[in-house]
Amino acid sequence: MGKKAALLALLISACTPVNEQAWMEKEVNACVPTAIAFREGLRKYNVWSEVLLAYWNDGKPRGHALVAYLYPPSKNKLWTYDAWGSCRTYAYTNNPMQVAQNALKSRGNSSLITAAYYLQ
C-alpha cells in the first residue's frame, strides 16, 4: 500500500463514527441490538440515523439489520453500518428497499431484497 493510500485509509477511518457498543458485534445474531445501539449513539450528536431491517430469500429466508445514517450532518452523504463497518451507500433515505439493496450489495450480497423498512 502506498503512502497516499495509507493516509487516505487513515483519514477515512478517523472521520467515520465508531460504535461504542461494538462488543455486541461478536454475539450471534446480534445485528438488531447492535444497530439500535449505534443509532442511539449517532442521535446523541443529532445525526440522522435509522435502523434498517432487510429481508431476502436465497433458498432460505434471511434478514439483517443495519443502520442508515447521513454523515457528516451537513453533507447529505448516506452511509450504512453493521458489524462489517461503514459503507458509503448511494440511495435516497426515503426508499428503504433501495438503501437495503445497495447496502447489502456493497457487502457482497447480491440477493434480491424482498422487504425492507426502518424500525420504528
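Residues numbered from 1 in each chain as written. Predicted model: local features only at pLDDT ≥ 70, side-chain atom pairs only at ≥ 80, totals over all residues. Heavy atoms only, no water.

Engineer: Pulling in residues and values, what's your account of the environment of Trp 48?
Structural biologist: Within the element layout of this structure, Trp 48 appears in the loop between α2 (31-43) and β1 (49-57). Distance from Trp 48 to Ala 68, taken between C-alpha atoms, is 8.3 Å for residues 20 residues apart in sequence. With residues up to four places along the chain from it excluded, the contact list for Trp 48 reads Ala 68, Tyr 69, Leu 70, Leu 78, Thr 93 and Tyr 118. (Helix = DSSP H or I, 4+ residues; strand = E, 2+ residues; numbered from the N terminus. Contact = heavy atoms within 4.5 Å.)

Engineer: Hey, could you go over unusual backbone geometry for me, with residue numbers and the actual values?
Structural biologist: If a residue is not glycine, its phi is most likely negative; likewise, a peptide bond is most likely trans. A cis amide bond, omega -5 degrees, links Tyr 71 with the succeeding residue Pro 72. Of note, the phi angle at Asn 46 is positive, near 55 degrees, even though the residue is not glycine. Residue placement: Asn 46 occurs in the loop between α2 and β1. Phi at Asn 76 takes a positive value of approximately 55 degrees, unusual for a residue other than glycine. Position of Asn 76 among the secondary structure elements: in the loop between β2 (61-70) and β3 (78-82).

Engineer: Break down the side chain of Arg 39 for me, citing the residues and quoting the values.
Structural biologist: Mapped onto the secondary structure, Arg 39 falls in helix α2. Classification of Arg 39 by relative accessible area gives buried; the value is 11%. Residues within four places of Arg 39 in sequence aside, it is in contact with Ser 49, Glu 50, Val 51, Val 67 and Leu 119. (Buried < 20%, exposed > 50% of the residue type's maximum accessible area, 1.4 Å probe, protein only.)

Engineer: Explain the pairing of β2 residue by residue, including any values.
Structural biologist: Alignment of β1 against β2, held across nine bridges, turns out to be antiparallel. The residue bridging Val 51 from the neighbouring strand is Val 67, located in β2. Between β1 and β2, which pair antiparallel and follow one another directly, the connecting turn spans three residues, one of which, Gly 59, has a positive phi of 100 degrees. As judged from the four bridges shared by β2 and β3, these two strands associate in the antiparallel manner. Note on β3: the bridge partner recorded for Val 67 is Tyr 81. (Pairing = 2+ DSSP bridges.)

Engineer: So, the sheet that holds β1: which residues are in play, and what are the values?
Structural biologist: With antiparallel pairing, the five strands of this open sheet are ordered in space as β4-β3-β2-β1-β5. The open sheet has two free edges, formed respectively by β4 (85-88) and β5 (113-118), since each of these has just one partner strand. The average undirected angle you get between the axes of adjacent strands in this sheet is 30 degrees. Looking at chain direction, β1 and β5 are connected through five bridges and run antiparallel. (Axes fitted to C-alpha atoms, helices over the stretch in contact; angles between N-to-C directions.)

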